[in-house]
Amino acid sequence: MNEKVKPLVAKSIRGDEITIDESRRILHAKGAELTAYMAGAHGIKEHYFADRVDLCSIINAKSGHCPENCSFCAQSLHHQAEVPIYPLRSVDEIVLGAMQAQRNGSHCYGIVTSGTRIKPGDEFSTLLSALRRINRETTIAPSVSLGILDAESAKALFKAGCKTYHHNLETARSYFPQICTTHDYQEDIETIICAKKAGLKTCCGGIFGLGESIEQRIELGMILRELDVDSVPLNFLSPVAGTPLQDAKMLSPMDCLRIICLYRYLLPDKHITVCGGREKNLGEFQSAIFMAGASGMMIGNYLTTSGRNHAVDEQMLINAEVTINV
Ligand code: SF4
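Note that this is a predicted model, so its numbers are computed, not measured.

Q: Help me get a handle on the environment of T113, residues and values and all.
A: Inspection of the secondary structure puts T113 in strand β2 (residues 108-113). Expressed as a C-alpha distance, the spacing of T113 and G64, which sit 49 residues apart in the sequence, is 8.8 Å. Filtering out sequence-adjacent residues up to four positions away, T113 remains in contact with A61, K62, L88, I118, S145 and L146.

Have a look at this one:
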């Protein structure tokens, strides 16, 4: 391993915190320096996870008409993007999705609903029934992403067999007001704390390419480190027509790899999963995500955009010589 990177790798594995200066160097690295950092990140990943990777899938269980105004999101009522709008899927449809995800090799199945929160009542009961059935009828780990959460709902989800609560912070606290003004960042933080208190694992990350600065990419990583979340999904913006970010420039593949690499150094023992925007932002560099320190990848469709053909992803995983966790 490169002599310059070795002490940083050892520091990360020891659990000592990577500093802002060290993080900056990773996000500015190019050429051989970047590949050296990536080799280090790969080493950290292998220290904690060997050659194993987790695959996850989601179902967009309730789509569109969201009163929040996240500027990247096609499902917001405030924007003019064309997305399917439908109410909560039935228990059968959600359970069938879990079975399909399990057949495709996913370790975790995320049930995602649009909206600020799910209120107690019929919709919440449907979700609890779906969770119970997924636990009875499959071996996949069910997770939910239902927006802002309260303590009582968190307890009910845990009791119904939900393993993980997914709640992205989207971006750094200092940039959040440019991205969303309909709720406060602190509500997102409290949601994560509330899920943890109920015994749920937490899966929380963000989306990059929203116009945030290098410093803000570091800031988000440090907030997630502080929150001690269990897994960190990294999304890269694919601009959607009709949203305020429709003309945003996509990140380069190297930018995406720098971000994955940084997050591995910052969060050495957490699952780092590459999710939305993988195909469009990384292009032919997709398989390099594992060499940059990722320990997981989302497969299948995303919330409002289609994912890659399953057979193509399967072949990529074989070529990358990784072992899929089942
Ligand atoms: S990201 Fe979630 S909360 Fe924000 S507008 Fe989209 S569906 Fe609503």
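Q: I'd like a rundown of the pattern of salt bridges, residues and numbers included.
A: Following the criterion strictly, the structure yields 16 salt bridges and no others. Its salt-bridge partner being E212, residue R217 comes within 2.8 Å of it at the nearest N-O pair. By relative accessible area, which is 7% here, E212 ends up buried. For the salt bridge of R278 with E279, the shortest nitrogen-to-oxygen distance reads 3.7 Å. Pair check on accessibility: R278 and E279 agree, each one buried.

Q: Please provide a residue-by-residue account of the pairing of strand β8 (residues 271-274), values included.
A: Of the two faces of β8, the one lined by H271 and T273 and the one lined by I272 and V274 are each fully buried. Inspection of the sheet shows strand β7 (residues 231-236) paired to β8 by 4 bridges, in the parallel sense. Of the residues in β8, the one forming a bridge with S231 is H271.

Q: Lay out helix α12 (residues 310-319) in plain terms, naming residues and giving numbers.
A: When α12 is considered as a whole, its buried residues turn out to be D313, M316 and L317. In an axial view of α12, the angular spread of the buried residues amounts to 100 degrees, which keeps them on one side of the axis. Across from the buried face of α12, at angles greater than 90 degrees, the exposed residues are I318 and N319. Contacts from the buried residues of α12 go to β1 (52-62), α11 (278-282), β9 (296-298) and β10 (323-324). Looking at where α12 begins, the residue whose side-chain oxygen comes 2.8 Å from the main-chain nitrogen of A311 is N309. Once α12 ends, the next one or two residues include E321, with phi positive near 55 degrees.

Q: Summarise the packing of helix α1 (residues 6-14) against helix α3 (residues 31-49); cite the residues concerned and give the values.
A: Running from N to C, α1 and α3 cross one another at 30 degrees; their axes reach a closest spacing of 10 Å. What the angle tells us is that α1 and α3 run roughly parallel. Note that α1 runs across α3; the crossing there is right-handed. For the pair formed by α1 and α3, the contact residues are L8, V9, S12 and I13 on the first element and Y37, G40, I44, H47 and Y48 on the second. Residue classes in the contact of α1 with α3 are distributed as 6 nonpolar, 3 polar and no charged.

Q: I'd like a description of the environment of M316, backed by residues and values.
A: Its place among the elements puts M316 in helix α12. A relative accessible area of 8% places M316 in the buried class. Residues M316 and S287, 29 residues apart in the sequence, show an inter-C-alpha distance of 6.4 Å. Setting aside chain neighbours within four positions, we find M316 in contact with R278, Q286, S287, F290, M297 and R308.

The rules behind each value
- Residues numbered from 1 in each chain as written.
- Predicted model: local features only at pLDDT ≥ 70, side-chain atom pairs only at ≥ 80, totals over all residues.
- Heavy atoms only, no water.
- Helix = DSSP H or I, 4+ residues; strand = E, 2+ residues; numbered from the N terminus.
- Contact = heavy atoms within 4.5 Å.
- Salt bridge = Lys/Arg side-chain N within 4 Å of Asp/Glu carboxyl O.
- Buried < 20%, exposed > 50% of the residue type's maximum accessible area, 1.4 Å probe, protein only.
- Pairing = 2+ DSSP bridges.
- Arc of directions from axis to C-beta.
- Polar contact = N/O pair within 3.5 Å; in protein donor to acceptor, adjacent residues only side chain to side chain.
- Axes fitted to C-alpha atoms, helices over the stretch in contact; angles between N-to-C directions.
- Parallel < 35°, antiparallel > 145°, perpendicular 65-115°, else oblique.
- Left-handed = near helix turned anticlockwise from the far one by under 90°.
- Nonpolar A, V, L, I, M, F, W, Y, C, P; charged D, E, K, R; others polar.

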